[in-house]
Structures are given as structure tokens and as C-alpha cells.
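For reference, the chains in residue letters:
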Amino acid sequence: MDVPGYVLGNYLIYCIVNAFTPGPGNILALNTVNTYGWRRGRPLFLGIFVGYYVVQMLCALVVYGVSAFLPSAMGVLKYVGAAYILWLAIHIAVSKPTQGSEEKSASFLKGFMLQFVNVKIYMFGITALTGFVVPYSSALAALLFYEIVIATIGTIATMTWIGMGVLIQRFYMRHWRTVNIVLALTLLECVYSMLWQ
């Protein structure tokens, strides 16, 4: 059975709003482009994008076949993700912008691994499927398709955050401490909402 048009519209609205709100991946992308610039940050951005698609495919598989295991896995992952995001917030708060070439560029692995502990995108993918798709189709192909849509919208959102970082780079170089503190506090709010919502 196909997803009705009005449900599909609501699904897309949910995806766009969720993808463009601040989250660990978007904030890390913004901070990375300000700290390293576009060229040196590309490996991390690619890691974020690839990780997003891999996590969404995993969400489709979980919803398809292992829904009984989901609550306990998400419970454990929530705390692992919160710990990593807390570490990331501290790292951003104390980091300084680099202008020389002595610092390595941001790594693919850092961006990729962030997505595996980013509970926001797990909840995003699983909620979208269970709330908008599964009532009409639980076929694996349909679930995978809708998760690819989510990952694509998420990638576009992260690229938008990267673009914002490029636009504010001069401002950042003058006010890096304030910007880093604001970004770190935003990540702390993500941790708070993950653990106490």
C-alpha cells in the first residue's frame, strides 16, 4: 500500500524541520568549517554524510526486523551518545581557531563515528518510519527508500550549516570564544534533551 499524499507531506515537513534544527552533526559541521575551513574540513563532512546514510539504513533494518530489541538498544545508545556529545561540547568550548598548517584537518572517522552515537538521527529515522510509513507499508524496500530520503534531507541540512559557517568565518575569527561557547551550550542542551525529555 502506498503512503497517502497528505501523510507523505507531513512526513516531509517532519523531516525538513528535524534535519535543519541544531543537532550534533550540524553543530560539529559549523564548528569545523569555522575552525579548519571548507577544504580542511571536507573529510569530516564526508564522514558525517556517509555516517548519516549508514545509520538510516540501520534504522530501516531495525524497524523491519528487530523491533523487539529496539527499546533496550536505544536506551544504552542514548547514554553512549550523550557521553560523546558532552565530550564534543567540551572540546568545542576549549578549542581555538587554527590558522597555520600545523594542525591536522578534521577526520572522516570523527564525522562518521559521530553519526553512530547521534541519538537524534536514530530517533529521527525510527520516528519517521513508525509514525508515517509503517502504517501503510512495512516492506523493506519502502523502509529503505524513506530512510534514504531522510539521509538526503539531513545531508542538505548539514551542507546548509556548513555554508553558514563559511559566511560567518570572518566574524568567527574575531569572536571565536563566544561562538564556541554558544555552540558548546547548544550541544549541552542536546544532551539534556536526550537524557531528560
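Everything that follows concerns the structure shown earlier in this document.
Before going into details, it helps to say that this report is about the structure given with it. (Residues numbered from 1 in each chain as written. Predicted model: local features only at pLDDT ≥ 70, side-chain atom pairs only at ≥ 80, totals over all residues. Heavy atoms only, no water.)

1. Focus on the overall build of the protein
- For the protein, the count of helices and strands is seven helices and zero strands.
- In sequence order, the secondary structure elements of the protein are arranged as α-α-α-α-α-α-α.
- Per-residue burial for the protein yields a buried fraction of 46% across its 197 residues.
- Within the protein, contacts between residues at least 6 apart in sequence are counted, and of these 88% link residues at least 24 apart.
- Carbon and sulfur atoms form 71% of the exposed surface of the protein, whose accessible area is close to 10,000 Å². (Helix = DSSP H or I, 4+ residues; strand = E, 2+ residues; numbered from the N terminus. Buried < 20%, exposed > 50% of the residue type's maximum accessible area, 1.4 Å probe, protein only. Contact = heavy atoms within 4.5 Å. Areas by Shrake-Rupley, 256 points an atom, 1.4 Å probe, with all protein chains shown as cover.)

2. Remarks on a nonpolar patch on the surface
- Together, Leu8, Leu12, Ile16, Phe20, Ile156 and Met159 make up an exposed nonpolar region whose accessible area comes to about 470 Å².
- For the nonpolar patch, the secondary-structure elements that each account for two or more residues are α1 (5–20) and α6 (140–167).
- When residues in the nonpolar patch are grouped by element, the largest group, four residues, is from α1. (Patch = residues over 30% accessible without salt bridge, like charges linked within 9 Å, V, L, I, M, F, W, Y side chains within 5 Å. Salt bridge = Lys/Arg side-chain N within 4 Å of Asp/Glu carboxyl O.)

3. Remarks on the nonpolar core
- Counting 26 residues, the largest nonpolar core has Tyr11, Leu129 and Ile150 as the members making the most contacts within it.
- Where this core is concerned, the elements lending two or more residues are α1, α2 (24–65), α4 (108–117), α5 (119–133) and α6.
- Considering each element in turn, this core owes the most residues, eight residues, to α5.
- Aside from chain neighbours lying at most four places away, what touches Leu129 is Cys59, Ala60, Val63, Val134, Pro135, Leu143, Tyr146 and Glu147.
- In terms of nonpolar packing, the next biggest core, distinct from the first, is built from 23 residues, Val33, Ala93, Ala106 and Tyr172 among them. (Core = buried A, V, L, I, M, F, W, Y, C linked by side-chain atoms within 4.5 Å.)

4. So, α1
- With 16 residues, α1 extends 23 Å between its outermost C-alpha atoms, agreeing within 8% with the 22 Å of an ideal straight helix rising 1.5 Å per residue.
- Here α1 has its buried residues at Val7, Tyr11, Cys15, Asn18 and Ala19. Projection of α1 onto a plane perpendicular to its axis shows the buried side chains occupying an angular sector of 95°, all on one side. When the buried face of α1 is taken as reference, the exposed residues oriented beyond 90 degrees from it are Gly5, Tyr6, Ile13 and Val17.
- As for α1, its buried residues are in contact with α2, α5 and α6. (Expected span 1.5 Å × (residues − 1). Arc of directions from axis to C-beta.)

Shape is all these values report; function is a separate question.
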